[in-house]
Amino acid sequence: MLNLPLALRIEKNKLVSTAPWLLLLDVTLPDASHIRLARNTDDVVFGGDTYTAFAFELDEVKTGGDGRIQGVGLRVANPARALQPYLEAHEGLIGCAVTVAVVHAANLAEDHTELMLSWEILAAQPDANWINFTLGAMNPLRRRFPLLMAAPRSCHWMYKGAECASTHVATTCARTLDACRTLGNSHRFGGRPGVTGA
């Protein structure tokens, strides 16, 4: 059972509502930029990001007899060739992460995490009117592991960020172990000095 905030549960259980439920589509490109689309007649601002009004259709998510989620079809309107440059620049968007969210237009500030699904683009086929995508489960073998490289004398953290948490008056840091020691913050150093015994 979904663990929805109270406002969303109330809207879900209404027989008649004055505000619609909307589908939002977020495609993460290889350069970490995003294509954000809303199946709506107006743009939608959700989570601080603007989703452009655009026509797209998502097939029903089905599972096989063994419980596995099958590939899901996604069709994005293509008569003006608005997305064609992205397809050409990023190899058909194959491997890009796709997040689909169902949101309630009158409660966009609520937590919609339970109403989000993530996939990966497995195939793309454009025609005169649509770009037909096949979405599938995210491939864990494409994820970087380990997440952080074992750099012995270089710090991964942003200076004075949440992990660094330095309170020193200096405005910059060279992000090395020596700089961290100079600033008196070596206990929060984000490198792996033990790799070389430093």
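Structural notes, computed from the coordinates.

Assigned secondary structure in the chain consists of three helices and nine strands. In sequence order, the chain lays out its α and β elements as α-β-β-β-β-β-β-α-β-β-β-α. Looking at the chain as shown, the accessible area adds up to about 12,400 Å², and 54% of this sits on carbon and sulfur atoms.

Turning next to the sheet that holds strand β2 (residues 34-38). Strand order in the open sheet formed by nine strands is β3-β4-β2-β1-β7-β8-β9-β6-β5, and the pairing between neighbours is mixed. Looking at which strands have only one partner, the edges of the open sheet turn out to be β3 (44-46) and β5 (56-58). Neighbour to neighbour, the strand axes of the sheet diverge by 30° on average, direction disregarded. Summarising the sheet, β2 and strand β4 (residues 49-53) pair through two bridges and their orientation is parallel. By the bridge assignment for β4, Leu-37 is matched with Thr-52.

A word on unusual backbone geometry. In this structure, Leu-93 takes a positive phi of about 65° despite not being glycine. Relative to the assigned elements, Leu-93 resides in the loop between α2 (84-89) and β7 (97-104). We classify Leu-93 as buried; its relative accessible area is 4%. The phi dihedral of Arg-175 is positive, around 60°, even though this residue is not glycine. Topologically, Arg-175 is positioned in the loop between β9 (130-136) and α3 (177-182). The class for Arg-175 is partly exposed, based on a relative accessible area of 37%.

Let us now look at the pattern of salt bridges. Under the counting rule described, the total for this entry stands at five salt bridges. For Lys-14, the salt bridge identified is with Glu-11, shortest N-O distance 3.0 Å. The salt bridge partner of Glu-57 is Arg-75, with a shortest N-O separation of 3.2 Å. Here the residue Glu-57 occupies a position in strand β5, and Arg-75 occupies one in strand β6 (residues 72-77), the gap between them amounting to 18 residues. Residue Glu-57 is classed as partly exposed on the basis of its relative accessible area of 33%. The exposure class of Arg-75 is partly exposed, given its relative accessible area of 23%. Each of Asp-26, Arg-36 and Asp-49 takes part in salt bridges that share partners, so that together they form one network.

Now for the pairing of β6. In terms of burial, β6 is largely enclosed, as five of its six residues are buried. As paired elements, β5 and β6 share three bridges and run antiparallel to each other. Bridging from a neighbouring strand, Glu-57 pairs with Arg-75 of β6. One ladder, built from six bridges, connects β6 with β9; its direction is antiparallel. Paired with Leu-74 across the bridge in β9 is Phe-133.

With that settled, consider the side chain of Glu-11. Looking at where Glu-11 falls in the secondary structure, it is placed in helix α1 (residues 6-13). Among the polar contacts listed, one links the side chain of Glu-11 to the side chain of Ser-17, at a separation of 2.9 Å. A distance of 3.2 Å separates the side chain of Glu-11 from the side chain of His-104, its partner in a polar contact. Once residues lying within four places of it in the same chain are set aside, the contact partners of Glu-11 are Ser-17, Trp-21, His-104 and Asn-107.

Calculation criteria
Residues numbered from 1 in each chain as written. Predicted model: local features only at pLDDT ≥ 70, side-chain atom pairs only at ≥ 80, totals over all residues. Heavy atoms only, no water. Helix = DSSP H or I, 4+ residues; strand = E, 2+ residues; numbered from the N terminus. Areas by Shrake-Rupley, 256 points an atom, 1.4 Å probe, with all protein chains shown as cover. Pairing = 2+ DSSP bridges. Axes fitted to C-alpha atoms, helices over the stretch in contact; angles between N-to-C directions. Buried < 20%, exposed > 50% of the residue type's maximum accessible area, 1.4 Å probe, protein only. Salt bridge = Lys/Arg side-chain N within 4 Å of Asp/Glu carboxyl O. Polar contact = N/O pair within 3.5 Å; in protein donor to acceptor, adjacent residues only side chain to side chain. Contact = heavy atoms within 4.5 Å.

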